[in-house]
Protein chains: 2
Amino acid sequence: MNQPISILGAGLIGSLLGVYLKKRGLDVHIYDKRSDWRSQQVLSEGRSINMAISYRGWKALQKAGLKEKVEAHTIPMYGRRIHDEHGVTYFQPYGKNDEAIYSVSRNILNQVLLDEAEKEGVQLHFEHKVDHVDVSKNSIDFSLKDGQTKTCKSEVVFGADGAFSSLRTAMQKQMRLNFRQEYISHGYKELTIPATEDGAFAMDPNALHIWPRGNFMLIALPNQDKSFTCTLFMPFEDEKISFDKIRDEQDVVTFFQTYFNDAYQLMPSLTADFCQNQTSALVNIECYPWTVNHCTLIGDAAHAIVPFYGQGMNSGFEDCFILDGLIEKYGTFSWDLVFEKFQKMRKPDTDAICKLAMDNFKEMRDKVSDPRFLIRKKIEAKLHELFPYDWVPLYSMVTFTDIKYSDAYAIGKVQEAVLDKVMSDPFIAQKWENLDYHAILDNVETSRAV
Amino acid sequence: MNQPISILGAGLIGSLLGVYLKKRGLDVHIYDKRSDWRSQQVLSEGRSINMAISYRGWKALQKAGLKEKVEAHTIPMYGRRIHDEHGVTYFQPYGKNDEAIYSVSRNILNQVLLDEAEKEGVQLHFEHKVDHVDVSKNSIDFSLKDGQTKTCKSEVVFGADGAFSSLRTAMQKQMRLNFRQEYISHGYKELTIPATEDGAFAMDPNALHIWPRGNFMLIALPNQDKSFTCTLFMPFEDEKISFDKIRDEQDVVTFFQTYFNDAYQLMPSLTADFCQNQTSALVNIECYPWTVNHCTLIGDAAHAIVPFYGQGMNSGFEDCFILDGLIEKYGTFSWDLVFEKFQKMRKPDTDAICKLAMDNFKEMRDKVSDPRFLIRKKIEAKLHELFPYDWVPLYSMVTFTDIKYSDAYAIGKVQEAVLDKVMSDPFIAQKWENLDYHAILDNVETSRAV
Ligand SMILES: Cc1cc2nc3c(=O)[nH]c(=O)nc-3n(C[C@H](O)[C@H](O)[C@H](O)COP(=O)(O)OP(=O)(O)OC[C@H]3O[C@@H](n4cnc5c(N)ncnc54)[C@H](O)[C@@H]3O)c2cc1C
Ligand SMILES: Cc1cc2nc3c(=O)[nH]c(=O)nc-3n(C[C@H](O)[C@H](O)[C@H](O)COP(=O)(O)OP(=O)(O)OC[C@H]3O[C@@H](n4cnc5c(N)ncnc54)[C@H](O)[C@@H]3O)c2cc1C
């Protein structure tokens, strides 16, 4: 009999991968350094952190038979609701036909996935911290909670252990691994808008709320308990407005009153939250190769991206979908082949989403409140409406289709050049509704043919 | 009294830095994981590995009062001697006026520097392996040979511990360190051409010998014992000709007879050397920031480069020179200021030499035997001869001056564009001696003014 399959990390990607592999009839074990967090219904900080699922995520959940189970815990967001400095808001739909992204609590999602994995027969091992992996022998050293250590041999080792992956660290010592880690100047802090006193949402729940303020911004996503989880993105230091300039509770209040006053009115525990919740860093990680012998990286361990496209988890779920497709095709006796195909096929796409996420950071930060940008978005929306198959905006390709990220990136570049030209007209604000939209589309076709 | 200054790594950079800092009146301690290799006169493998010192290295050695001591151990190389497949050789001088780079044994150079450091009063601690550095407290944990551990607090910690720096690893865990490591497809193996039976050099000793063969190459540098140390650079795998294709002694012989027959005739211990000596990887490492609190990286720990410009050590020595200049200016009580200035000033230059080293890899590999490239070099040499101050070839700026690497890089790009234009003439081979060289120079001036 074969040795078991080990998955390092019981996070979102590791647990979905566990479900997939178990369904292929394999003996699957998932290890995580944390203790089983499913029992702790209320998290220590009493906070719920949420994230957005979009098309690629759903597709992968569906193939694993998990779509309905997850859906029950989500809230659709049909567009961005932009809040300006005076509290005036306006709504930018994400797409046509009620296309939406879905807010879900990270913990609940993880719990659904882990429960399913366990139900399918995956063995979960908590409080198993990976210390080292010998990649030539697929052998893993763990340290357990009580200070004991344990070594396991596996048929295959999956590193789904996140941005600071222990498998990747081990690979870095045992092979020529190309590796790049880049922190951005911005960090983030999570805050809360609770339900109103009569138990309702304090704002429109079916939107992703954004307060864009140039070099910093606040966003908010709805939770099923009628609260919103807010995230403040801001430079750590070295800027006029940055985390290090906010030194005490009074600074917090002044800062929020000045820039986010409508949100401020909805945040009774702001100062306490601000001081208690840590400021976290944001990192972009790329590496290659992902695989050596029978070990492979997957999810954030292979490609951690900044969260500005909401695609980190979605791309990790898509990794699982693609890998499972290769196992379907080549079977579970040709791991070398499966892994080699997986990394070759997938790497250009995760590189593309890395770049897109970084670009979208700049867009959300600088442009969403710029009137010219709004006209540009309207022109795009109109193009999409007129030519639903021939002009799909970049955001839609990434979020509402499974076009390869690298193709979306390339098409997006062509569209960008075409729109740059359209926008170069100084009277575009007056003219945009009466443009020759067919001619614009022709430009795309020509550029693509070249 | 202040706490001592700790330098991690007693390699080339750490030991020169020790001399500099001691001369500034500081209490300097150097730690290295290796045992004191100065006592082992003949290295275990019986091999001597050598490297080239050029202008920046000499300048730094001179300021430390070490130029004469080192000079005694070097052999000048006035140019490249190219060997073609038939054993025909031709000579390309490096510059005019007998400009040379100097071959020196790595061990002897390290020994001279360490002896000097010790003589000046630097305390050397061998068999001290750095396990961890707490960068907020400047506190270093060592493990010693006998399994014991030791913790030292310092005023300042210098990480001169090479490409796989333990200080950098510690920084990576404790701060937002941007980091990139890129292995190239090629590895290298060191081989030997011994002195002839009557105790003479087997080839011209005053040249760096190169056997360029497209995707792989052999080079040789002279040693004072009349031997040459050869280095074979070649892809590890996935190519028609690569290390993994050479599987036994017969393969070695066939390969050398085919591509390097003139060298082969001079290598009696080739097959044994080839099988015994390991194949090593080549890595490019960039990171930033270099400094946090009172800790700073220097030399390969801050910027490891591929060896194709012979500038790794030279740039590390220049680091020491520049750092010492800042200490001269700001004193030894403002380390924060010194380190901040150091990294801001130096980083663009080490980035530039990283890129240049990679470019030179491609040049040495692909072009040095290309007749058009030779004409190009001749045109450059002529420009340099005619306008010694206004046209200094890139290689000369890097190797024979202390122009900032980043300036050399920028000027090099301008020269490249000008020469590309000159070379685009299909009859250049016939014409090159009679070109209007003043007009060519004018092109440079115009481009630079733009
Ligand atoms: C602020 C923010 C917002 C985001 N929003 C979105 C969003 O809206 N949509 C989206 O798609 N993505 C989003 N992401 C990205 C998403 O969070 C990640 O892509 C996703 O969590 C990656 O899952 P993973 O399982 O690969 O890694 P992780 O979620 O990091 O899980 C790794 C697991 O491995 C375990 N582990 C780590 N080291 C060891 C070890 N040595 N031994 C044993 N176990 C170990 C950890 O305990 C953890 O359980 C966001 C990210 C951030 C930071
Ligand atoms: C094939 C090749 C040819 C080269 N040729 C040239 C050339 O011609 N000219 C040139 O200028 N450069 C050349 N270089 C580059 C040059 O070798 C390096 O730039 C130089 O050695 C860097 O010196 P360093 O002191 O920073 O690091 P190193 O020489 O790597 O020294 C680091 C020291 O730190 C010690 N150390 C490491 N980790 C620990 C730890 N955890 N605890 C304690 N001690 C530790 C090591 O034992 C070592 O003594 C070449 C490099 C290669 C690979």
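Conventions and cut-offs
- Per-chain numbering applies: the sequence of each chain, read as written, is numbered from 1 onward.
- All chains are assigned letters beginning with A, and all ligands numbers beginning with 1, in the order in which they are written.
- pLDDT decides what is reported in this predicted model: residues at 70 or higher carry local features, side-chain atom pairs at 80 or more are listed and counted, and totals for whole chains, interfaces and linings draw on all residues regardless.
- To obtain the side-chain values, all non-hydrogen atoms of the structure were included, while hydrogens and water were left out.
- Residues below a pLDDT of 70 in either copy are left out; the C-alpha atoms of the rest, at least 70 in both, set the least-squares superposition of the copies.
- Two residues form a contact once any of their heavy atoms are found within 4.5 Å.
- A quick way to say it: buried area is the sum, across both parts, of accessible area lost when two parts are put together, with a 1.4 Å probe.
- Basic side-chain nitrogens of Lys or Arg form a salt bridge, by our definition, when they fall within 4 Å of a carboxyl oxygen of Asp or Glu.
- Strands are runs of DSSP state E lasting at least 2 residues, helices are runs of H or I lasting at least 4, and numbering of each runs from the N terminus.
- Buried residues are those whose accessible area, probed at 1.4 Å on protein chains only, stays under 20% of the maximum for their type, while exposed residues exceed 50% and partly exposed ones sit between those limits.
- Any residue with a non-hydrogen atom lying within 4 Å of a molecule or strand is treated as near it.
- What qualifies as a polar contact is a pair of N or O atoms within 3.5 Å, subject to a donor-acceptor requirement within protein and to the restriction that residues adjacent in sequence count only when both atoms come from side chains.
- Under the convention used here, a 1.4 Å probe and the Shrake-Rupley method define accessible areas, while residue burial counts only the protein chains that appear.
- For this classification, the nonpolar set comprises Ala, Val, Leu, Ile, Met, Phe, Trp, Tyr, Cys and Pro, the charged set comprises Asp, Glu, Lys and Arg, and every other residue, Gly included, is treated as polar.
- Any Phe, Tyr or Trp ring, taking Trp's six-membered ring, that has another such ring centre within 6.5 Å forms a pair; planes under 30 degrees apart are called stacked, those over 60 apart edge-to-face, and the others tilted.
- The rule is short: NZ of Lys or CZ of Arg within 6 Å of the ring centre and within 35 degrees of the ring normal puts a charge over the ring.
- Where each domain starts and ends comes from a domain assignment, either automatic or drawn from a database.
- We treat two strands as partners when DSSP finds at least two bridges between them.
- Throughout, an axis means a line fitted to C-alpha atoms (over the contacting stretch in the case of helices), and angles, computed between N-to-C directions, take values from 0 to 180 degrees.

A word on the relation of the copies chain A and chain B
Both copies of the chain are related by a screw-like operation: a rotation about an axis and a shift along it.
Here is step 1 of the chain: Rotating chain A by 180° about the axis while translating it 0.0 Å along that axis superimposes it on chain B, leaving an RMSD of 0.0 Å. On the angle and the small slide along the axis, the relation comes out as a two-fold axis. For chain A, the smallest separation between a C-alpha atom and the rotation axis is recorded for A:Arg180, amounting to 2.1 Å.
Here is step 2 of the chain: Here 100% of the contact residues of chain A are again contact residues in chain B; the copies associate through an equivalent surface.

Some remarks on the interface of chain A and chain B
Here is step 1 of the chain: Listed per partner, the contact involves 15 residues of chain A and 15 residues of chain B.
Here is step 2 of the chain: Here chain A and chain B share an interface that buries about 1,200 Å² over both sides, 43% of which is from carbon and sulfur atoms.
Here is step 3 of the chain: Considering only the surface of chain A that becomes buried against chain B, A:Arg176, A:Gln181 and A:Tyr183 emerge as the three largest contributors, covering 51% of it.
Here is step 4 of the chain: At the junction of chain A and chain B, the tally comes to 2 salt bridges.
Here is step 5 of the chain: A salt bridge links A:Arg176 to B:Glu237; its shortest N-O distance comes to 2.8 Å.

Side note on unusual backbone geometry
Here is step 1 of the chain: With an omega of -5°, the peptide bond between A:Tyr288 and A:Pro289 qualifies as cis.
Here is step 2 of the chain: Position of A:Pro289 among the secondary structure elements: in the loop between β17 (280–288) and β18 (291–292).
Here is step 3 of the chain: The phi dihedral of A:Asp238 is positive, around 65°, even though this residue is not glycine.
Here is step 4 of the chain: Within the chain, B:Glu127 stands out as a residue other than glycine whose phi angle is a positive 50°.
Here is step 5 of the chain: Residue classification places B:Glu127 among the partly exposed positions, given a relative accessible area of 27%.

Quick look at the site of ligand 1
Residue and element names in this part refer to chain A.
Here is step 1 of the chain: Taken together, 26 residues form the shell around ligand 1, and within it Asp-32, Arg-34, Ala-52, Arg-106 and Asp-300 come nearest.
Here is step 2 of the chain: For ligand 1, a nitrogen atom lies 3.1 Å from a polar atom in the backbone of Lys-33.
Here is step 3 of the chain: With the chains in place, 86% of the 1,000 Å² that ligand 1 exposes on its own is no longer accessible.
Here is step 4 of the chain: When its residues are assigned to classes, the shell around ligand 1 shows 9 nonpolar, 10 polar and 7 charged.

Focus: the environment of A:Lys23
Residues and elements named next belong to chain A.
Here is step 1 of the chain: Along the chain, the position of Lys-23 falls in helix α1 (residues 12–23).
Here is step 2 of the chain: Through-space distance from the C-alpha of Lys-23 to that of Gly-121 is 9.3 Å; in sequence the pair is 98 residues apart.
Here is step 3 of the chain: The residues contacting Lys-23, other than those within four sequence positions of it, are Ala-64 and Glu-120.
Here is step 4 of the chain: A distance of 3.2 Å separates the side chain of Lys-23 from the side chain of Glu-120, its partner in a polar contact.

Re the site of ligand 2
Residue and element names in this part refer to chain B.
Here is step 1 of the chain: Neighbouring ligand 2 are 26 residues; Asp-32, Ala-52, Arg-106, Val-130 and Asp-300 lie closest to it.
Here is step 2 of the chain: The contact in question runs from an oxygen atom of ligand 2 to an N or O atom on the backbone of Leu-12, over 3.4 Å.
Here is step 3 of the chain: Asn-314 is positioned such that a nitrogen or oxygen atom in its backbone is 3.0 Å from an oxygen atom of ligand 2.
Here is step 4 of the chain: Its free accessible area being 1,000 Å², ligand 2 has 85% of it covered by the protein chains.
Here is step 5 of the chain: Counting only elements with at least two residues in the shell around ligand 2, the list comes to α1 (12–23), β3 (50–53), β9 (128–134) and α9 (312–330).
Here is step 6 of the chain: Classifying every residue of the shell around ligand 2 gives 9 nonpolar, 10 polar and 7 charged.

Remarks on helix α2 (residues 55–63) of chain B
Here is step 1 of the chain: Turning to α2(B), its buried residues number three or more, namely B:Arg56, B:Gly57, B:Trp58, B:Lys59, B:Ala60 and B:Leu61.
Here is step 2 of the chain: Just beyond α2(B), the residue with positive phi is B:Gly65, at close to 75°.

Concerning the packing of aromatic side chains
All names here are of chain A.
Here is step 1 of the chain: Going through the model one piece at a time under the given rule, you end up with 49 aromatic pairs over all chains.
Here is step 2 of the chain: Note on Tyr-94 and Tyr-395: the rings are 5.1 Å apart at their centroids and 10° apart in plane angle, and the pair reads as stacked. Linking Tyr-94 in the loop between β6 (89–93) and β7 (101–105) with Tyr-395 in helix α12 (residues 394–400), this pair joins segments that are 301 residues apart in sequence. In this pair, the class of Tyr-94 matches that of Tyr-395, namely buried.
Here is step 3 of the chain: Consider the rings of Phe-216 and Phe-255, whose centres lie 5.6 Å apart with planes at 45°: the pair is tilted. With a gap of 39 residues between them, Phe-216 in the loop between β14 (208–212) and β15 (217–222) and Phe-255 in helix α6 (residues 249–259) connect regions that are remote in the sequence. For the pair formed by Phe-216 and Phe-255, the shared burial category is buried.
Here is step 4 of the chain: Following the ring pairs from residue to residue traces out a cluster consisting of Phe-216, Phe-236, Phe-243, Phe-255, Phe-256, Tyr-259, Phe-260 and Phe-274.
Here is step 5 of the chain: Here the basic side chain of Lys-355 rests over the ring of Tyr-409, its NZ or CZ set 4.4 Å away from the ring centre.

Thoughts on the domain arrangement of chain A
Here is step 1 of the chain: Taken domain by domain, chain A holds domain 1 (5–44 + 53–80 + 104–181 + 283–360), domain 2 (184–281) and domain 3 (370–449).
Here is step 2 of the chain: In this structure, domain 2 of chain A and domain 3 of chain A have C-alpha centres spaced 33 Å apart.

A look at the environment of B:Ile241
Here is step 1 of the chain: Along the chain, B:Ile241 turns up in the loop between β16 (228–235) and α6 (249–259).
Here is step 2 of the chain: Apart from the residues within four sequence positions on either side, B:Ile241 is in contact with B:Phe216, B:Met234, B:Pro235, B:Phe255 and B:Tyr259.

Examining the sheet that holds strand β12 (residues 156–159) of chain B
Residue and element names in this part refer to chain B.
Here is step 1 of the chain: Pairing is mixed in the open sheet, where 6 strands are placed in the order β8-β2-β1-β12-β19-β18. Only two strands of the sheet have a single partner each, and these edge strands are β8 (123–125) and β18 (291–292).
Here is step 2 of the chain: Bridging between β18 and strand β19 (residues 295–297) involves 2 bridges; their strand directions are antiparallel. Residue pairing for β19: Val-292 is matched across the bridge by Cys-295.
Here is step 3 of the chain: Most of the contacts of helix α5 (residues 166–174) go to β19, to which it runs at about 120°, and overall it touches β1 (5–8), β12, β18 and β19.

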